[in-house]
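Residue strings, one per chain:
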Amino acid sequence: METRGAAPSYPALVGSGLIASTGEEVAKRLRCPRCAIISDTNIAPLLADRVKQSLTSSGFQSTVITIPPGEKSKTLGQAGAICDQMIAACLDRQSFVIGLGGGVIGDISGFVAAIFHRGIPHVQIPTTLLAMVDSSIGGKTGVNTGAGKNLIGAVHHPSLVIDDLDVLKTLPQREFNQGFAEIIKHAIISDAEMFDALKDVDLENLAPLIRRNIEIKSKIVTKDEGDRTGERALLNFGHTVGHAIERAGDYREFLHGEAISLGIVAACDVSIKRAGLPRDQRNGIVDLLQKFELPTHLPPNFPREQIFDALQYDKKFEGGKIRFVVTSGIGSAHLSSEVTVEDIREAFDQL
Ligand SMILES: NC(=O)c1ccc[n+]([C@@H]2O[C@H](COP(=O)([O-])OP(=O)(O)OC[C@H]3O[C@@H](n4cnc5c(N)ncnc54)[C@H](O)[C@@H]3O)[C@@H](O)[C@H]2O)c1
Ligand SMILES: [Zn+2]
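First, a word on scope: everything that follows refers to the structure included in this document. (Residues numbered from 1 in each chain as written. Chains lettered and ligands numbered in written order. Predicted model: local features only at pLDDT ≥ 70, side-chain atom pairs only at ≥ 80, totals over all residues. Heavy atoms only, no water.)

1. Examining the overall build of the chain
At step 1: Counting its regular elements, the chain contains 13 helices and 11 strands.
At step 2: Scaling as 2.2 N^0.38, a compact globule of 351 residues should have a C-alpha radius of gyration of about 20 Å, and the chain matches this with 20 Å.
At step 3: On the principal axes, the C-alpha backbone points of the chain span a range of 60 × 40 × 40 Å.
At step 4: For the chain, the residues scored as buried account for 57% of the 351 residues in total.
At step 5: Taking contacts inside the chain between residues at least 6 apart in sequence as the whole, the part at least 24 apart equals 76%.
At step 6: Of the roughly 14,800 Å² that the chain leaves accessible, carbon and sulfur atoms contribute 49%.
At step 7: Where the 37 positive side-chain charges of the chain centre and where its 43 negative ones centre are 5 Å apart. (Helix = DSSP H or I, 4+ residues; strand = E, 2+ residues; numbered from the N terminus. Rg over C-alpha atoms; globule rule 2.2 N^0.38 Å. Buried < 20%, exposed > 50% of the residue type's maximum accessible area, 1.4 Å probe, protein only. Contact = heavy atoms within 4.5 Å. Areas by Shrake-Rupley, 256 points an atom, 1.4 Å probe, with all protein chains shown as cover. Lys, Arg positive; Asp, Glu negative; His and termini not counted. Charge placed at Lys NZ, Arg CZ, Asp CG, Glu CD.)

Here it is, written out as structure tokens:
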């Protein structure tokens, strides 16, 4: 079944066994004869051959390019090295890029697609839950620099997203669980019904949940394509403190979704004070995060002071003002200018 991704509208296919029809699906939409399949060295041995075979049987020529797994690979240097390998493989402006992997691969392959010959089509085959429900939607691509995450990038929407649920079978449990932090975030900011449904979600049949999350993110992104109206900023719920925790833990202590889980708890505590969030709803959110084995307390030895330092790096502190996303009740969120640095500090002191 086809769900529409964000504007400009593109299909996001969600189902089982879809990788086998990659070539067929691409052929319906792109006339480019050649492509690079960009992946990491964990995922390529599991999936690249199947993607390649499907492309070959639909008449496409493909070259597999791999990079080491993990955030450390999301650099301008690595993007340049990929471009060099694409040139060496005779790829040109008639070519396209497939990103086969999690959010790291989605972001760097999308960035390469945005800059190679000033932009060629990008097809995303997300292989993590987080990438399916979040990073593959919205067109944000990019790489990190020594000064921070995602500081260099481009908006480049994919032509097609293929979410094959079978690929999640090899995903490590912790990686799987962290996807639920973004799903719970989506529920809190815009879908109270999904929040309730998550309490006994069927893990054997994730397709409806993934489709729903694609719709939520797409709708928000479409309303605020240029990141100007503040609508898109709602997707940052839990991220102000979450990013600071990631940074304070040197990006090693917590996975992104785990840090966001903690950030959500902090944002709920701020919301009780500044947006009238009922305490029982805050407790319901904490229970749901715990159901997916996501952290809701900081470990005792965590360098708490560094969270505060890291907060200063956050883009939401523009012009000395804090744009903080709060919820006054599950299912809706808004940007508040009432939140003070002390409120945030109080909230993470409770973590
Ligand atoms: N562009 C956006 O809008 C956006 C939004 C959210 C996050 N992101 C980015 O996404 C990245 C995080 O993505 P992620 O959490 O998917 O991490 P990831 O891409 O690093 O993948 C996590 C780990 O799981 C492995 N893996 C992936 N799929 C697998 C599978 N099916 N089987 C076995 N192992 C598998 C990977 O090799 C990696 O080691 C960050 O760089 C973040 O900035 C981007
Ligand atoms: Zn996130």
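2. Describing the nonpolar core
At step 1: Residues F96, F180, L198, I210 and I245 are the most contacted members of the largest nonpolar core, which totals 95 residues.
At step 2: Here this core gets 10 residues from one element, more than from any other, and that element is helix α10 (residues 256–275).
At step 3: Among all residues touching F180, those that are not within four sequence positions of it are L129, L198, L203, L206, L209, F292 and L294. (Core = buried A, V, L, I, M, F, W, Y, C linked by side-chain atoms within 4.5 Å.)

3. Brief notes about the pairing of strand β4 (residues 61–67)
At step 1: Judged from the 7 bridges that link them, strand β3 (residues 34–40) and β4 form a sheet pairing that is parallel. Considered in β4, the bridge of S39 is made with T66.
At step 2: In terms of handedness, the path from β3 via helix α2 (residues 44–57) over to β4 forms a crossover that is right-handed. (Pairing = 2+ DSSP bridges. Right-handed = clockwise from strand over helix to strand, strands pointing away.)

4. Structural notes on the packing of helix α9 (residues 239–248) against α10
At step 1: Between α9 and α10, the shortest axis-to-axis distance is 7 Å and the interhelical angle comes to 135°. Classified by the angle their axes make, α9 and α10 are oblique. Between α9 and α10 the crossing geometry is right-handed. Note on element contacts: α10 touches α9 through H256, A259, I260, L262, G263 and A266, opposite H239, V241, G242, H243, I245 and E246.
At step 2: Along the lines of polarity and charge, the residues of the contact of α9 with α10 split into 6 nonpolar, 5 polar and 1 charged. (Axes fitted to C-alpha atoms, helices over the stretch in contact; angles between N-to-C directions. Parallel < 35°, antiparallel > 145°, perpendicular 65-115°, else oblique. Left-handed = near helix turned anticlockwise from the far one by under 90°. Nonpolar A, V, L, I, M, F, W, Y, C, P; charged D, E, K, R; others polar.)

5. A closer look at the coordination of the zinc ion (ligand 2)
At step 1: Every protein donor of the zinc ion (ligand 2) is listed here as E182 (OE), H239 (NE2) and H256 (NE2), and their distances to the metal cover 1.9 to 2.1 Å.
At step 2: Spacing between the donor residues of the zinc ion (ligand 2) along their common chain follows E-x56-H-x16-H. Within this pair, whereas H239 is found in helix α9, its partner H256 is found in helix α10, the two being separated by 17 residues in sequence. This pair shows no difference in class: H239 is buried, exactly as H256 is. (Donors = N, O, S within 2.8 Å, 3.2 Å for Na, K, Ca; no water.)

6. What about helix α8 (residues 207–223)?
Three- or four-residue spacings in an α-helix give side chains the same orientation, since the helix completes a turn every 3.6 residues.
At step 1: For α8, which comprises 17 residues, the first-to-last C-alpha distance of 24 Å matches the rise-based estimate of 24 Å (1.5 Å per residue) to within 8%.
At step 2: If you check which residues of α8 are buried, you get A207, L209, I210, R211, N213, I214, I216, K217, S218, I220 and V221. (Expected span 1.5 Å × (residues − 1).)

7. Brief notes about the pattern of salt bridges
At step 1: All chains considered together, the criterion is met by 21 salt bridges.
At step 2: Residue K199 is joined to D196 by a salt bridge in which the shortest nitrogen-to-oxygen separation is 3.0 Å.
At step 3: With relative accessibility at 46%, the residue K199 sits in the partly exposed group.
At step 4: Of the charged contacts in the structure, one is a salt bridge between D343 and K273, with a shortest N-O distance of 2.7 Å. With D343 in helix α13 (residues 341–349) and K273 in helix α10, the pair connects residues that are 70 residues apart, well separated along the chain. (Salt bridge = Lys/Arg side-chain N within 4 Å of Asp/Glu carboxyl O.)

8. Here's the deal with the site of ligand 1
At step 1: D40, E71, T127, T128 and T170 are the nearest of the 26 residues found near ligand 1.
At step 2: In this structure, a nitrogen atom belonging to ligand 1 sits 2.7 Å away from a side-chain N or O atom of T127.
At step 3: The side chain of K149 places a nitrogen or oxygen atom 3.4 Å from an oxygen atom of ligand 1.
At step 4: Relative to its free-state accessible area of 870 Å², ligand 1 is covered by the protein chains to the extent of 88%.
At step 5: Here the shell around ligand 1 is composed, by residue class, of 8 nonpolar, 9 polar and 9 charged. (Near = heavy atom within 4 Å. Polar contact = N/O pair within 3.5 Å; in protein donor to acceptor, adjacent residues only side chain to side chain.)

9. Points about unusual backbone geometry
At step 1: We note that C90 has phi near 65°; this positive angle belongs to a residue other than glycine.
At step 2: Inspection of the secondary structure puts C90 in the loop between α3 (76–88) and β5 (95–101).

10. Re helix α6 (residues 173–190)
At step 1: Counted at 1.5 Å a residue, the expected span for α6 with its 18 residues is 26 Å, and the 26 Å between its end C-alpha atoms agrees.
At step 2: Burial analysis of α6 places 14 of its 18 residues in the buried class, the great majority of the element.

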